[in-house]
Structure formats: C-alpha cells, structure tokens
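Here is how the chains run, residue by residue.
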Amino acid sequence: MTNPLTMKLEQFTSFDPEERQRLDQLLSYPTKTYARGKTIIREGEKVDDIHLVLTGLAARSKTLRSGARQFMALLVPGDLCDVEVFVLEGMDHDIVAMTETTCVLVPAKVIEGLLTESTKLTKALWWSTMTDSAVLREWIVDHGSRDSIERIAHLMCEMLIRYRIIGETTDDSFPFLLNQEELADATGMTPVHVNRMLQQLRSKGLIELTGKVLTVLDPKGLQQLAKYESSYLHLVRTERRDPEVSQRAGDLVSASPHGLLHDAAEKVKSVFGSSEG
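These notes cover the structure that comes with them. (Residues numbered from 1 in each chain as written. Predicted model: local features only at pLDDT ≥ 70, side-chain atom pairs only at ≥ 80, totals over all residues. Heavy atoms only, no water.)

## Details of the overall build of the protein chain
And step 1. The secondary structure content of the protein chain amounts to ten helices and ten strands.
And step 2. Relative to the 2.2 N^0.38 estimate, which gives 19 Å for 277 residues, the radius of gyration of the protein chain is 20 Å and therefore close to what a compact globule would have.
And step 3. Taking all 277 residues of the protein chain together, the buried fraction comes to 50%.
And step 4. Put simply, the protein chain shows about 13300 Å² of open surface, and 53% of that area lies on carbon and sulfur atoms.
And step 5. Charge separation in the protein chain, taken as the distance between the mean sites of 32 positive and 40 negative side-chain charges, equals 3 Å. (Helix = DSSP H or I, 4+ residues; strand = E, 2+ residues; numbered from the N terminus. Rg over C-alpha atoms; globule rule 2.2 N^0.38 Å. Buried < 20%, exposed > 50% of the residue type's maximum accessible area, 1.4 Å probe, protein only. Areas by Shrake-Rupley, 256 points an atom, 1.4 Å probe, with all protein chains shown as cover. Lys, Arg positive; Asp, Glu negative; His and termini not counted. Charge placed at Lys NZ, Arg CZ, Asp CG, Glu CD.)

Pasting the structure below:
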C-alpha cells in the first residue's frame, strides 16, 4: 500500500530509495483499530508507542470539567498523534477516533532515534512536528478572528489540501466524517449554527455534502470566501512547484518567491536553449 507518511513528508524534502524503505519499515509494526468515538490516547497517559494514523480520522481533543469539548486539530492518514511523548511525562490532551481508525504502533525509541539523527528523515519529522504546531496556531486564529462561515470554509480548504497531499481525494471529493455536533466542537459554534453555515455554503454552490463525502465544487471560490492562505501548512516543495509533488495540490497552494524565481529561470533556460538550436 502507499505510505501516507512518506507522501506527507516528501512535501518537505525528497527521499532516496533507502530513506523510503526506512519509512516503509515503520508500517511493519503492529496496528490497532479503534472504533468511532473511542479514545486512542487519554490525557495524562504515558505511552510506549507512537501512534501513526494509517486509515480513518482522529482528533486532538480537550474536555473541560463541565463536559464541554474542543477539538484542536484533525489527524489524517500519515499524521503522528503523539510524537512528543518521549519528551513529555504524559499527553496533555486526548486523541479521539472520529471514525473507525487504524494506527500503527511504532515504538517510541524508534521515532526518538530518527529524531536524534542528522539525516533528511530527521529534518522531515521535525518539519512534521512544527507543521502540527502551525495548524494549532491557525485554528486559534480561526476561533478568535474569523466569522462563522469563514471558519467552516477554512477547515474544508485545509482538509481538501491535506487529503490531496496523501492521494485520498477523487475530483475534489474526500471523506468528511464529522457530524454537525463534532463540526461544532471543531469550530467553536453550536450545531444549529453549523447547520445554517453548511446550508449557506451549499446555496452558494461551493460544496456538496452527501453522506460522509464532501465535494468541493468550487475550490477557488471556497478559498476566497475563507480568505484561505496555505502557507501555515509549509508545503515547501509544492510552494516551489517541484514537479515531483506539486501536481497534487499546486492549484490550491500559493507559489513561494523561490518557486516563482525557479519558474522564471526555467523559462529563460528554455528560451535560450531553443535559440541555441
């Protein structure tokens, strides 16, 4: 099967066959499947294995004494749930399965070894960790500065790009496994208000939500409504328009200045190359 972790990490850097093999070896460890709604890791828990999402969808969750719940990030295939556990004494939040979710249980010492080397894999894993933090910061901005419809549109834009990166979209359709109550917990709204916002997005012709599949009918229009900027995902090679990976989501990710300069250089090279002929 395709390795979703490799597909994610190669947005940061390219890997040679040996490095790809090392990433594939991570999938050889035992797996565990969690039913929808089950807690994968509990707050305060000290675990011996790093949970790599292989299939399904999980969420970082915090529950107050009052019972109020807040989702702080969604975890798709290729995401590491708890890479920080070899440093911290215990998790400071829950990881919850939003649908039936299978995780690879990679021994923490294996990931710790990779994170303390001086290789491209090390840098790629740290990139992944820092990108997770960037997503959290963006969600804070969502709740504090974006209006209701922008929050939901922004989340949909994010998920479309992240699912495209790991090859799990078909014609801009992807699994959208949150019910309205869960979407409310992810966006800081009530389920009733979430329903109103979904109706508005449908009426604008931006999305179609059938069962558990979301189709983005107008990706550019949805990005415009959300005022979406993808830079916080740090998709370095797509931003640079690296042809090896940029075709997955390049139309939704703004080119970096470096990428624009690269494109210009290639055009100049082609012009001079053709004139020499």
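Following the structure, the description resumes.
## Comments concerning the sheet that holds strand 5 (residues 69-75)
And step 1. Read across the open sheet, the four strands follow the order 2-6-4-5; overall the sheet is antiparallel. Edge strands, defined here as strands with exactly one partner in the open sheet, are strand 2 (39-41) and strand 5. Taking each pair of neighbouring strands and ignoring which way they run, the sheet shows an average axis angle of 35°.
And step 2. Here two bridges tie strand 2 to strand 6 (residues 94-97), and the two strands are oriented antiparallel to one another. The residue of strand 6 that forms the bridge with Ile41 is Ile95. (Pairing = 2+ DSSP bridges. Axes fitted to C-alpha atoms, helices over the stretch in contact; angles between N-to-C directions.)

## Comments concerning the state of the cysteines
And step 1. Overall, the coordinates contain zero disulfides when judged by the stated rule.
And step 2. With no disulfide of its own, Cys81 lies closest to Cys103 among cysteine sulfurs, the gap being 4.6 Å.
And step 3. The buried category is assigned to Cys81, whose relative accessible area is 0%. (Disulfide = S-S within 2.5 Å.)

## Focus: the sheet that holds strand 7 (residues 101-107)
And step 1. Spatial strand order, 1-7-3: three strands in an open sheet with antiparallel pairing. At either margin of the open sheet sits one strand with a lone partner, and together these are strand 1 (31-34) and strand 3 (49-55). Mean inter-strand twist for the sheet, computed between neighbouring axes without regard to direction, equals 35°.
And step 2. Across six bridges, the pairing between strand 3 and strand 7 is antiparallel. Counted as the bridge partner of Ile50 is Val106 from strand 7.
And step 3. The strands touched by helix 3 (residues 108-115) are strand 3 and strand 7; relative to strand 7, the strand with the most contacts, the crossing angle is about 70°. (Contact = heavy atoms within 4.5 Å.)

## Looking at the nonpolar core
And step 1. Counting 48 residues, the largest nonpolar core has Leu57, Ile152, Met156, Ile161, Leu201 and Leu222 as its most contacted members.
And step 2. Only strand 5, helix 4 (120-145), helix 5 (148-165), helix 6 (180-187), helix 7 (191-203), strand 10 (213-216) and helix 8 (219-226) provide two or more residues apiece to this core.
And step 3. No other element matches helix 5, which puts eleven residues into this core.
And step 4. When neighbours within four sequence positions are excluded, Met156 is seen to be in contact with Phe174, Phe176, Leu198, Leu201, Ile207, Leu214 and Leu222.
And step 5. Formed by 22 residues, the second largest nonpolar core is a distinct cluster that contains Leu9, Leu54, Leu115 and Val236. (Core = buried A, V, L, I, M, F, W, Y, C linked by side-chain atoms within 4.5 Å.)

## Things to note about the side chain of Arg151
And step 1. Along the polypeptide, Arg151 turns up in helix 5.
And step 2. In terms of polar contacts, Arg151 uses its side chain to reach the backbone carbonyl oxygen of Arg146, at 3.1 Å.
And step 3. In contact with Arg151, not counting residues within four places along its chain, are Asp142, His143, Arg146, Thr187, Gly188 and Met189. (Polar contact = N/O pair within 3.5 Å; in protein donor to acceptor, adjacent residues only side chain to side chain.)

## A short note on the packing of helix 5 against helix 8
And step 1. Two elements in contact, helix 5 and helix 8, have axes separated by 8 Å at closest approach and are oriented at 135°. One element, helix 5, and the other, helix 8, form an angle in the oblique class. Every pair of crossing elements has a handedness; the one defined by helix 5 and helix 8 is left-handed. Contacts between helix 5 and helix 8 pair Ile149, Glu150, Ala153, His154, Met156, Cys157, Leu160 and Ile161 from the former with Pro219, Leu222, Gln223, Leu225 and Ala226 from the latter.
And step 2. Per-class residue counts for the contact of helix 5 with helix 8 are ten nonpolar, two polar and one charged. (Parallel < 35°, antiparallel > 145°, perpendicular 65-115°, else oblique. Left-handed = near helix turned anticlockwise from the far one by under 90°. Nonpolar A, V, L, I, M, F, W, Y, C, P; charged D, E, K, R; others polar.)

## Description of the environment of Thr190
And step 1. Here Thr190 shows up in the loop between helix 6 and helix 7.
And step 2. Relative accessible area serves as the criterion here: at 47%, Thr190 is assigned to the partly exposed category.
And step 3. Residues Thr190 and Val236, 46 residues apart in the sequence, show an inter-C-alpha distance of 36 Å.

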